[in-house]
Amino acid sequence: FNVPLREAIAGAGESGGAEFVEVRGGSGAMLAGLKGNDYDVAVALTDCVVADIERGGEIVVLGEYVSSPLVWGISVRVDDRETIEQGVDALRGKVFGISREGSGSHLMVALLSKQRAWGVENTFKVCGDFAGLRSALKEGTIDAFLWETFTTKPFADRGELH
């Protein structure tokens with residue numbers, strides 16, 4: 001995803017005046033950095049930026065970098081036999097971890113609930129970043145979380161989550 005950006009900046013050398021900064025906290029942390037003048041430009045997920053703009057924020061979307069949609073997956077504990085055996089509907093009314101309110105992980109749970117016609121409000125627990133979601137799942141303070149599939153796959157392959 002970010003290799004072309006890194007290569008372009010490296011190719012420009014010091015005369016290009018650009019520096020690539022990897023932000024581990026995701027789009028929310030990037031947005032905070034932009035507002036705090038820590039950097040001038042960010043490549044972030046749209047949901048975070050649009051939510052900020054709707055709240056009156058002054059961030060401007062300059063263009064599109066990737067237009068393909070994210071593939072979302074539902075992660076549960078490896079020992080959650082009920083959900084693994086019964087499927088997604090076993091999560092109706094359960095506690096979902098989200099990175100922050102209004103984030104993709106939050107919006108996708110709302111969409112899942114609507115698509116499944118659950119008709120109940122799920123409980124949300126804000127866990128911060130992807131590492132926080134995995135920790136909360138392991139500790140049992142959440143029942144599931146939604147995240148981009150290709151990010152979660154290595155953790156599923158190691159048996160950390162299902």
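Residues numbered from 1 in each chain as written. Predicted model: local features only at pLDDT ≥ 70, side-chain atom pairs only at ≥ 80, totals over all residues. Heavy atoms only, no water.

1. Here's the deal with the sheet that holds strand β1 (residues 72-76)
Put simply, the rule is: Strand pairing requires that DSSP identify at least two bridges connecting the strands. Each helix is a run of H or I in the DSSP string that is no shorter than four residues. Each strand is a run of E no shorter than two, and both are numbered from the N terminus. Helix axes use the C-alpha atoms of the stretch in contact, all axes being lines fitted to C-alpha atoms, and the angles between their N-to-C directions lie in the range 0 to 180 degrees. The contact definition used throughout considers only heavy atoms, calling two residues in contact when any of these lie within 4.5 Å.
Taken together, four strands build an open sheet; the order of strands is β1-β4-β2-β3 and the sheet is mixed. Of all the strands in the sheet, the pair left with one neighbour each is β1 and β3 (123-126). For this sheet, the mean angle separating the axes of adjacent strands, direction not counted, is 35 degrees. Note that β1 and strand β4 (residues 144-148) share five bridges and pair antiparallel. Bridged to V76 within β4 is A144. Packing of helix α5 (residues 104-115) onto the sheet brings it into contact with β1, β2 (95-98), β3 and β4, and relative to β4 it is tilted by some 115 degrees. On top of the sheet, helix α7 (residues 149-157) reaches β1 and β4; it is set at about 120 degrees to β4, its chief contact.

2. A closer look at α5
Put simply, the rule reads: What a helix should span is 1.5 Å times the count of its residues minus one. Each residue is placed in one exposure class: buried if its accessible area under a 1.4 Å probe, protein chains only, is under 20% of its type's maximum, exposed if it is over 50%, and partly exposed if it falls in between.
The end-to-end C-alpha distance of α5 is 16 Å, a good match for the 16 Å that 12 residues give at a rise of 1.5 Å each. Among all positions in α5, only G104, S105, H106, V109, L112 and S113 are buried. In this structure, the buried side of α5 is in contact with α3 (46-54), β1, β2, β3 and β4. Just past α5, the residue A117 takes up positive phi, approximately 55 degrees.

3. Topic: the side chain of N122
Formally: Polar contact is the term for a pair of N or O atoms within 3.5 Å; when the atoms are in protein, one must be able to donate a hydrogen and the other to accept it, and sequence-neighboring residues count only if both atoms are side-chain atoms.
For N122, the position within the fold is in the loop between α5 and β3. Judged by its relative accessible area of 7%, N122 is buried. One polar contact links the side chain of N122 to the main-chain carbonyl oxygen of L91, over a distance of 3.3 Å. A polar contact is formed between the side chain of N122 and the backbone oxygen of K94, at a distance of 3.2 Å.

4. Digging into the packing of aromatic side chains
In plain terms, the rule: Aromatic rings from Phe, Tyr and Trp, taking only the six-membered ring of Trp, are treated as a pair when their centres fall within 6.5 Å; an angle between ring planes under 30 degrees marks them as stacked, one over 60 as edge-to-face, and anything in between as tilted.
Scanning all chains against the criterion turns up four aromatic pairs. Centre to centre, the rings of F96 and W118 are 6.5 Å apart; their planes meet at 35 degrees, and the pair counts as tilted. Of the two residues, F96 is situated in strand β2 and W118 in the loop between α5 and β3; the sequence distance between them amounts to 22 residues. Taking the relative accessible area as the measure of exposure, F96 reaches 0% and is therefore buried. Relative accessible area serves as the criterion here: at 3%, W118 is assigned to the buried category. Considering the side-chain rings of F130 and F145, the 6.1 Å spacing of their centres and the 75 degrees angle between planes classify their relative orientation as edge-to-face.

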